[in-house]
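Working through the structure, step by step
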Amino acid sequence: MLRRALLCSPALLLVRPALAQQRLSVVASFSILADMTRQIGGDRIALRAIAGADVDAHGFQPKPSDAAALTNAAIVIRNGLGFEGWLDRMIRSSGFKGALVTTTDGITPRMMQAHHHHHGHDHGGAGRRHNHSVGPRQVPDPHAWQDLGLAQHYIRNITAGLVAADPGGEALYRRNAEAYAARLAALDQWVRAEIAKVPAARRKIVTSHDAFGYFGDAYGVRFLAPQGVSTEAEPSAAEVGRLIRQIRAENITALFMENMANPATLQRIAQETGLRVRGRLYADALSTETGPAPTYEAMFRHNVSLMVPAMRGDAA
């Protein structure tokens, strides 16, 4: 009876919420960073992803509730390299006073050519809007997480941010980070072994937008995409036509959708070349828990398991 009374004591009932409130409040900009942070922070952090599963972080439009989530956060974790332009505006509007962790710090980004596009902006006040044609230019490729070797930088930066904000959790964070780094190193070796099953001349993939440059550089695969670095880019008819001719000339058999991209252009390419889309790759966002890529590690295994037979030209 005494034990039951103690368990029902109002003072003891307050313990669980109090412990929950002690968890470090962390906000990650998008789902891939959220998963990385979860692997390191575990149950010691209260984590929120702003752009969640199957949400395109390129053209994300934050809601007022998203900005409100930053107000009391101890840490905001972002990718950087221009990936989340909307996040800087959110931080300014929210009054966020915590620590900002940029996971690509220490990485020398690969550069890529931005596609032609037009944009409008104001000159000299309202009503005087001019369109400018912007030619090809070099921009940093933000998708560094597509190289598992570079993911080690992400782990170090996230861990350092968590330790600085919560020194009491340092042992846990470093232990989790070490185990996570080891798993990703093993996964990197598996990816290399799988890609090695494809003859070098056949290591070519067409996908929706330019998200796999780091993957290609790391693992020896050439990626071609009708869209540029952003899923918001619209390829011209001439660009699509050149890609179709290249697919035919080089006998490329690996054609993939992405979970974040508009399917219309890729469907046209499939019709013109007679290829079948070989599945859906995950590039800029994870799947939901019930999907094939709910974690960063699962994303790599899913993508590579589709890429290899498609590049080899195996029947699906």
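Residues numbered from 1 in each chain as written. Predicted model: local features only at pLDDT ≥ 70, side-chain atom pairs only at ≥ 80, totals over all residues. Heavy atoms only, no water.

Once that is clear, we can look at the confidence of the model for the protein. Averaged over every residue, the pLDDT of the protein is 84; residues scoring 70 or more account for 81%. Within the model, pLDDT remains below 50 along residues 11–20, and this stretch shows four contacts once partners closer than five positions in the same chain are excluded. Long-range and interchain partners of residues 116–134, a stretch whose pLDDT sits below 50, account for 26 contacts in this model, where long-range means more than four residues apart. (pLDDT = per-residue confidence, 0-100. Contact = heavy atoms within 4.5 Å.)

Moving on, we come to helix α12 (residues 296–312). Its 17 residues give α12 an end-to-end C-alpha distance of 25 Å, which sits within 8% of 24 Å, the value for a rise of 1.5 Å per residue. Residues Y296, E297, M299, F300, H302, N303, V304, M307, V308, A310 and M311 constitute the buried set of α12. Looking one or two residues beyond α12, the residue adopting positive phi is G313, at roughly 80 degrees. (Helix = DSSP H or I, 4+ residues; strand = E, 2+ residues; numbered from the N terminus. Expected span 1.5 Å × (residues − 1). Buried < 20%, exposed > 50% of the residue type's maximum accessible area, 1.4 Å probe, protein only.)

Backbone geometry at D54 places phi at a positive 55 degrees, although glycine is not the residue there. Looking at the secondary structure, you find D54 in the loop between β2 (45–51) and α5 (64–71). For D54, a relative accessible area of 35% corresponds to the partly exposed category. Non-glycine residue L81 carries a positive phi angle of around 60 degrees. For L81, the position within the fold is in the loop between β3 (75–78) and α6 (85–94).

Further remarks concern the pairing of β3. In the sheet, strand β1 (residues 24–30) pairs with β3 via three bridges, with the strands oriented parallel. When the sheet's bridge partners are listed, A28 is paired in β3 with I77. As paired strands, β3 and strand β4 (residues 99–102) are joined by four bridges and run parallel to one another. Each residue of the ladder has a partner; that of V76, found in β4, is L100. (Pairing = 2+ DSSP bridges.)

Next up on the list: the packing of α5 against α6. Where α5 contacts α6, the axes come no closer than 9 Å and their chain directions differ by 65 degrees. With respect to the hand of their crossing, α5 and α6 are arranged in right-handed fashion. On the side of α5, the interface is formed by D66, A67, L70 and T71, while α6 contributes M90, I91, S93 and S94. The residue makeup of the contact of α5 with α6, split by class, is four nonpolar, three polar and one charged. (Axes fitted to C-alpha atoms, helices over the stretch in contact; angles between N-to-C directions. Left-handed = near helix turned anticlockwise from the far one by under 90°. Nonpolar A, V, L, I, M, F, W, Y, C, P; charged D, E, K, R; others polar.)

The subject of this paragraph is the side chain of N303. Along the chain, the position of N303 falls in helix α12. On the accessibility criterion, N303 (3% relative accessible area) is buried. When near neighbours in sequence (up to four residues on either side) are disregarded, N303 contacts F212, L281 and Y282.

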